[in-house]
Amino acid sequence: MTQQEQQEFTARLQEADAWMKGIEEQLKANDNTAGPRDALEARLRETEKIHNSSHNGRMIVDQALMAAEKLLQSGDEELRNSTNVKLKELKNQWDETSTYIVHCHSRIEWVWLHWSEYLKAYEEFELWLTKQRRSLDLDVELQMGLKEKLWQVEQQMVVVSDIKSQAVLLERLLDEAAALHSRIEDPSVDAKAQQRLQEDYVDVRDRAQERLTLLQKISEEHHMFHSHVQKFQSWLVSKTKELTELMKLDEPPENKLRALKTLDEGVATEEKTLQHIEGVADAVRTNTSPAGAEAVQEEAEELRLGWQRLRQGLCEAEEGLRCSLDSHSQYVTRCQRLGEDIGRIREMLQELDQELVDTQESKSCTETTEEQMEGQWRKYSVVRNTLAGKESQVELLKSQLKDLFRFSEDPRHLTDGVLAVVKEHQSVKSRASRLCSESELELRSLLRDPLLNFSQWANSVSQVMEASNNVNDFSNTAMLLQKIQGLLQNSAELQERLSLLQVKGDLLDSVFGTESSDDLQGELSAAVRTRELLHNQLLERKNRLESLISRTKDFDEAYKQILASLSAFRERLLAADALQPDILAKKSQLEQMLVLQKELEDGKAQLTVLETLVSSNQSSRTQYEKLCADWSELHRRVTVKIQDCDDIVSDHECFHGDLLNMEKWIMVMRQKLDSFCSPTGGWSVEGRRPEAQKLLGEFPEKELHLQQIQAQGGKVLRRTSTDGQVHIRKDMERLKQRWEDLFTLSLNLNRLQGGSTEIHSGSAESFGRLESEPDSVTQVVDRPGFCQTDGPRRRVPGGGGGEGNEATASSSGEDDSRGSRGLNQIKWSEFEAWLSRENEVLMKITRTSKSSLSAEEIQTRRGNLQALISRLPEGQQMFQLLLQQTQSRQGEDEPLEDLRYRWTLYKSKLKEVENSLIMTKPGLKERKELELMRGAENVKGTASETRTGKVMLPW
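The protein appears in an unreviewed UniProt entry as Spectrin repeat containing, nuclear envelope family member 3 from Poecilia latipinna. For the protein, the Subcellular location (unreviewed entry) comment in UniProt is given as "Membrane".

Take a look at the structure:
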């Protein structure tokens, strides 16, 4: 069996040796990097196959090793040693063979990859060179203007910069080619190929640089042309301005001619400069696009035209000056004549204007009669017609001035004179037309006034005639007879006025015109006839009424009628003389009194007629005089009552207006004060102190105004009925309540004026809730656990004795002291006493050790602490009042600072005790409840102080 194993091992060993020798021969045949790329690629594939077949050789070696395992287990020492020697040699040979496979394949593969990378970079560089050659092979693109050419230069500079930056890549390519040639010795990377690549790059670089130089030359040439054009244009503008200024100079024409000649010579010498610019323009056009070349040509032509216009302007100016020398004398003559005409017409206009002024002043100084009004109208008409006739002279002045403009000299002084005359003529003409129209309207109204009066008189006559057709009552007869007598007097006056108007036919024709005058005269004739007819009818009716009165011989009957009328009137007056509930009823009462007064005055006619019936009997005379006295007394009472009613209405209106204005102010002020309250309930004036001071400064004035409204309300109440007084009192109580609420709200700002910028004493909403619960402010609760105060109820837990009773007593005592002294005054000793009592209570709370306190004692201390915290706003208010009282005093700075320090120290201690109690024993829920109770007590405490402190209000 051992022989067979040795043979198997020997066979495996020979097989492995043959495989490794065959591989080594193949590797030696392919282990070469020189030659073309195809041969290198074939060798790479061969070495790759050999590399891939190395696992086969490994398997053969492993089989030999496995065959050797059996021999190594043999008991023959010599066989094992020889086997180990052969295995060692096999392993060494396998290591050398596998290492040779890897090294050979790696070396050929690295050369292959190196060559591939080089070819890739080479192709990219050749592609870039081709692209640059193509762009350089194209002709230079012509641009339109200088800006485009400069852009083209910048673009080419970028291209040149890019080409120069490729030199680094070229150098790397050449280095790679040299390194690669040392390994592969291929002609594609030999020295000639490298030289050719470098020459191609240099050629592209030089051509790009030449293109850049050409573009720079083209742009510089265009820039030079542009600068020449601008310089020549500036020169043209300066010479044109010089010509203009020369022509404006106020010098003799001879001096101007000499200056023009010098200027013209200088302009003529610049033609050479213009020709040079035109030559530059020709050169620029050859390197410019068609559109740009056309623009360059136009610029050159525009320079030529400008130069020619300047020459032409000089020639024309010279000709004008020569002509002006000839026309100067003619110009002076016309100016003198125009000045004389201006003076004459202006003097005439001033005389007419003065006449208008005199006529108007005479009208305003005296009461104007019809004759005077007619004279004024005629004067105004004469002035207006005169001004209309002078229109031609004013137009002549305009034409003379227009002729002067043909001359070269400036007739500005005459222009102003002519314009002044035209304006003055228009002004006087407008004024005369206005005055004439106004006087004509007044005169027309005055002339038509008799007809208007006649129409009114005729209507009155018709009413009286209709009322007196069937009259039997004595009182009505007397009244109608009085009216008829008055109408007869008016008839006589109308007759006189109508007669005077009939003889003024010429005036009517002038004022109204022919047609309107004829119509007016026809109306006038008809009015005269109608007046005569109505006058006769009035006389007949007068006689009939007088005969009716003369037949009434019974004085007693007439006396009784008048006496009954006065009694009924007295009763109506008493019925109307009553207090009214509101302003509308008071106004109605005033109107009723005016009606009664009118009826009483109309009844006086009855007394006049009754006087005719008084006989020689002394008793009748006495009765008549008594009636007259009663009438006079009633008339006096009615007059006095009318004055009283007017005063009542005025007082009520004034009170009502002031009440509304005050309520409006309160509403606006409340909104402004609410703006100082944050949503969390705190008050702050940080950054708004001037505004807060201004708002608080309005309260004293409004408080005085409130007292005035109260006085007005009392006066109105005394002159108003019981039903109306109820509403007025409600309005006054509502205003009082709103004022108190607003004043309470303002105390929060008062506390902040002492230096602090923020307090937490409740918001405006909290005050609103207190207003909606008035019972909680005044109700006195005497159940155990509540303090009995004038303010809101305060819960004091642990209502037993000890510290709790002391705190309660302190609070009650302070409330009483506040009620006695008010909120607007505070004594120094009072505040010190209050602070001492509060500090003493605080010291009692802090004396006992926290560790020895029971839960009930801690609860009691909390109640006492809440009472102290609730009185902090009151203390701040008293301290603020002290600060305000001591501002005007001298020499009290040290005591005030000491008191301020004690007050600040007390507040700090109170804050520390409060924090320590919050952190002692109670759980989280109890601490939150304590903080909520403290915030609520702040709000209620402030409200209590302001409501129960007996604030000095105007009520």
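Moving on, there is more to tell.
Q: Talk me through the packing of aromatic side chains; I want residue IDs and the actual numbers.
A: Summed over the entire model, instances satisfying the criterion amount to 16 aromatic pairs. Look at Phe831 and Phe879: their rings are 5.9 Å apart centre to centre, the planes differ by 40 degrees, and that puts the pair in the tilted class. In this pair, Phe831 sits in helix 26 (residues 828-847) while Phe879 sits in helix 28 (residues 872-886), placing the two residues 48 residues apart along the sequence. Its relative accessible area of 0% is what places Phe831 among the buried residues. For the pair Trp903 and Tyr906, a centre-to-centre distance of 5.9 Å together with 25 degrees between the ring planes defines the contact as stacked.

Q: Go over helix 12 (residues 391-404) with me, naming the residues and quoting the values.
A: Across its 14 residues, helix 12 extends 21 Å between first and last C-alpha, which sits within 8% of the 20 Å expected from 1.5 Å per residue. Inspection of helix 12 places Val394, Leu397, Gln400, Leu401 and Leu404 among the buried residues, and these make up the whole buried set. Projected onto a plane normal to the axis of helix 12, the buried residues spread over an arc of 115 degrees and lie on a single side.

Q: If you had to explain the nonpolar core to someone new, which residues and values would you point to?
A: In this structure, Leu338, Leu404, Trp457 and Leu538 are the most contacted members of the largest nonpolar core, which totals 54 residues. The set of elements that each furnish at least two residues to this core consists of helix 10 (290-365), helix 11 (370-389), helix 12, helix 13 (412-467), helix 14 (474-502), helix 15 (505-512) and helix 16 (514-551). Broken down by element, this core gets its largest block of residues, 17 residues, from helix 13. What Leu538 contacts, discounting residues up to four positions off in sequence, is Trp457, Val461, Met465, Ile484, Leu487 and Leu488. Core analysis: the second largest hydrophobic core is formed by 48 residues, Ala68, Trp128, Val153 and Leu174 among them.

Q: Residues and numbers for the packing of helix 7 (residues 191-248) against helix 8 (residues 253-269), please.
A: Two numbers describe how helix 7 lies on helix 8: the axes approach to 10 Å, and their chain directions differ by 170 degrees. Here helix 7 is positioned roughly antiparallel relative to helix 8, judged by the angle of their axes. Of the residues in helix 8, those touching helix 7 at Trp235, Lys239, Glu242, Leu243, Leu246 and Met247 are Lys256, Ala259, Leu260, Leu263, Gly266 and Val267. Of the residues that constitute the contact of helix 7 with helix 8, the class distribution is eight nonpolar, one polar and three charged.

Reading guide: rules and limits
Residues numbered from 1 in each chain as written. Predicted model: local features only at pLDDT ≥ 70, side-chain atom pairs only at ≥ 80, totals over all residues. Heavy atoms only, no water. UniProt positions renumbered as here; feature names shortened; annotations may be inferred. Phe/Tyr/Trp six-rings, centres within 6.5 Å; stacked < 30°, edge-to-face > 60°. Helix = DSSP H or I, 4+ residues; strand = E, 2+ residues; numbered from the N terminus. Buried < 20%, exposed > 50% of the residue type's maximum accessible area, 1.4 Å probe, protein only. Expected span 1.5 Å × (residues − 1). Arc of directions from axis to C-beta. Core = buried A, V, L, I, M, F, W, Y, C linked by side-chain atoms within 4.5 Å. Contact = heavy atoms within 4.5 Å. Axes fitted to C-alpha atoms, helices over the stretch in contact; angles between N-to-C directions. Parallel < 35°, antiparallel > 145°, perpendicular 65-115°, else oblique. Nonpolar A, V, L, I, M, F, W, Y, C, P; charged D, E, K, R; others polar.

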